[in-house]
Amino acid sequence: MKNLYLCGFMGAGKTTLSRLAAARLGTRALDTDDLVIQRCGMEIPAIFAEYGEPYFRQQETAALRETARFSGAVIATGGGLVLNPDNVAVIRELGTLLYLDTPFALCYQRIRGDRNRPNAASRTQEELLELYRQREAAYRAACDAVIPCGDDPDSAVEAILRFCDGK
Ligand code: S3P
């Protein structure tokens with residue numbers, strides 16, 4: 001059985017919705033950020049600070065490839081993962097990709113000043129909005145379907161489950 005991958009901006013709700021959807025589907029939830037942390041034995045800000053973002057991206061691709069050993073899992077991807085076309089190709093082989101389309105204002109509320117997210121902590125609101133706009137096109141181009149998300153996780157989970165039922 002194929003995996004279900006969730007992509008979207010930082011704060012879009014990928015981790016929360018992966019857990020809720022996995023619970024409803026009776027399967028396991030995974031998170032590529034957690035897999036990177038396990039691989040490196042370090043938190044993400046420390047990886048960025050000590051080795052830089054390119055190293056983090058290598059580890060992230062390796063973590064994504066690791067998900068091949070799971071079947072039917074719901075997997076939250078880090079907000080930058082699908083910007084790499086090679087990663088999108090891996091996801092195509094291993095499963096289906098949903099884009100969590102969450103308004104910027106909501107993402108921003110969740111990520112502002114979050115020291116655990118180096119790519120958010122280092123940017124102003126205007127810079128984050130710019131990044132959101134740049135990335136949105138890549139998320140839409142990469143995904144198999146768009147899930148509109150507001151601040152009610154239950155309706156987003158229902159939309160994910162409807163997508164799964166339709167497959
Ligand atoms: C990143 C998003 C983070 C994490 C890393 C880089 C990004 O994941 O992978 O801090 O560049 O968007 P979340 O989307 O879960 O915050």
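All values derive from a computational prediction rather than experimental measurement.

### Concerning the overall build of the protein chain
A count of helices and strands for the protein chain gives 9 helices and 5 strands. Overall, the protein chain shows an N-to-C arrangement of helices and strands of β-α-β-α-α-α-β-α-β-α-α-α-β-α. Here the protein chain has a C-alpha radius of gyration of 15 Å; the compact-globule value for 167 residues is 15 Å, and the two agree. Its C-alpha atoms give the protein chain principal-axis dimensions of about 40 × 35 × 25 Å. Sequence-distant contacts in the protein chain: of pairs separated by 6 or more residues, those separated by 24 or more amount to 76%. For the protein chain, the accessible area works out to roughly 8300 Å², and carbon and sulfur atoms hold 48% of it. Counting 20 positive and 22 negative side-chain charges, the protein chain places the centres of these two groups 2 Å from one another.

### Re the packing of aromatic side chains
In total, this model carries 6 aromatic pairs according to the counting rule given. For the pair Phe104 and Tyr108, a centre-to-centre distance of 5.7 Å together with 20° between the ring planes defines the contact as stacked. One end of the pair, Phe104, and the other, Tyr108, are both in helix H6 (residues 104–111), 4 residues apart, so they sit about a helical turn from each other. Here Tyr108 falls in the buried class, since its relative accessible area comes to 15%.

### Quick look at the sheet that holds strand S4 (residues 95–101)
The 5 strands are arranged S2-S3-S1-S4-S5 in an open sheet whose pairing can be described as parallel. Single-partner strands in this sheet number two, and they are strand S2 (29–31) and strand S5 (145–148). Within this sheet the neighbouring strands show an average axis-to-axis angle of 30°, counted without direction. The strands touched by helix H2 (residues 32–40) are S2 and strand S3 (74–76); relative to S2, the strand with the most contacts, the crossing angle is about 65°. Along the sheet, helix H9 (residues 153–165) contacts strand S1 (3–7), S4 and S5; its crossing angle with S5, the most-contacted strand, is approximately 155°.

### Re helix H3 (residues 44–51)
In an α-helix, one turn spans 3.6 residues, which is why side chains three or four residues apart end up on the same side. For H3, the set of buried residues is Ile44, Ile47 and Phe48. The buried residues of H3 all sit within an arc of 95° when viewed along its axis, so they share a single face. Those residues of H3 that are exposed and aimed more than 90 degrees away from the buried face are Ala49 and Glu50. For H3, the elements touching its buried residues are H2, helix H4 (53–66) and helix H7 (118–121).

### A closer look at the layout of surface pockets
Considered as a void within the structure, the largest pocket measures approximately 660 Å³ in volume. In terms of lining, the largest pocket is formed by 38 residues, of which the most central are Gly11, Lys14, Thr15, Asp33 and Arg117. For the lining of the largest pocket, the elements supplying multiple residues, two or more each, are helix H1 (14–25), H2, H3, H4, H7 and H9. The biggest single contributor to the lining of the largest pocket is H1, with 5 residues. A class-by-class count of the residues in the lining of the largest pocket yields 13 nonpolar, 11 polar and 14 charged. Its boundaries defined by the atoms lining it, the second largest pocket holds a volume of some 230 Å³. Along its surface, the second largest pocket is lined by 13 residues, and Met1, Lys2, Leu4, Leu25 and Cys164 are the ones closest to its centre. Split into classes, the residues belonging to the lining of the second largest pocket amount to 7 nonpolar, 4 polar and 2 charged.

Definitions and cut-offs
The numbering scheme is per chain: residues are counted from 1 as the chain's sequence reads. This being a predicted model, a pLDDT of at least 70 is required before a residue's local features are given, and a value of 80 or more before pairs of side-chain atoms are given or counted; all residues contribute to the totals for chains, interfaces and linings. Values shown for side chains rest on all heavy atoms present in the structure; no hydrogens or waters enter the calculation. Runs of E in the DSSP output that reach at least two residues are strands. Runs of H or I that reach at least four are helices, and both are numbered from the N terminus. C-alpha atoms define the radius of gyration, and 2.2 Å times the number of residues to the power 0.38 defines the globule rule. Contacts between residues were defined by any pair of non-hydrogen atoms, one from each residue, lying within 4.5 Å. Reported accessibility uses the Shrake-Rupley method at a 1.4 Å probe radius. Residues are deemed covered only where the shown protein chains occlude them. None of His or the chain ends enter the tally, which takes Lys and Arg as positive and Asp and Glu as negative. Taken as the charge centre is NZ of Lys, CZ of Arg, CG of Asp or CD of Glu, depending on the residue. Aromatic pairs are defined between Phe, Tyr and Trp rings, using the six-membered ring for Trp, whenever the two ring centres lie within 6.5 Å; interplanar angles under 30 degrees are classed as stacked, those over 60 as edge-to-face, and all others as tilted. In this scheme, a residue with accessible area under 20% of its type's maximum is buried, one over 50% is exposed, and one in between is partly exposed, where area comes from a 1.4 Å probe on protein chains only. A pair of strands counts as paired when DSSP detects no fewer than two bridges linking them. A fitted line through C-alpha atoms serves as each axis, taken over the contacting stretch for helices, and the angle formed by two N-to-C directions is quoted from 0 to 180°. What the arc covers is the set of directions going from the helix axis to the C-beta atoms. A cavity here means a set of points on a 1 Å grid, drawn over the protein atoms and nothing else, where a 1.4 Å probe fits but cannot get out; a pocket is an open set with protein on both sides within 12 Å along at least five of seven lines, and a residue lines either one if it has an atom within 4 Å of a point. Grid points are joined across faces, edges and corners, and a volume is the space filled by probe spheres set on the points. Three residue categories are used. Nonpolar comprises Ala, Val, Leu, Ile, Met, Phe, Trp, Tyr, Cys and Pro, charged comprises Asp, Glu, Lys and Arg, and polar comprises the others, including Gly.

The quantities given are spatial measurements derived from coordinates; they are silent on function.
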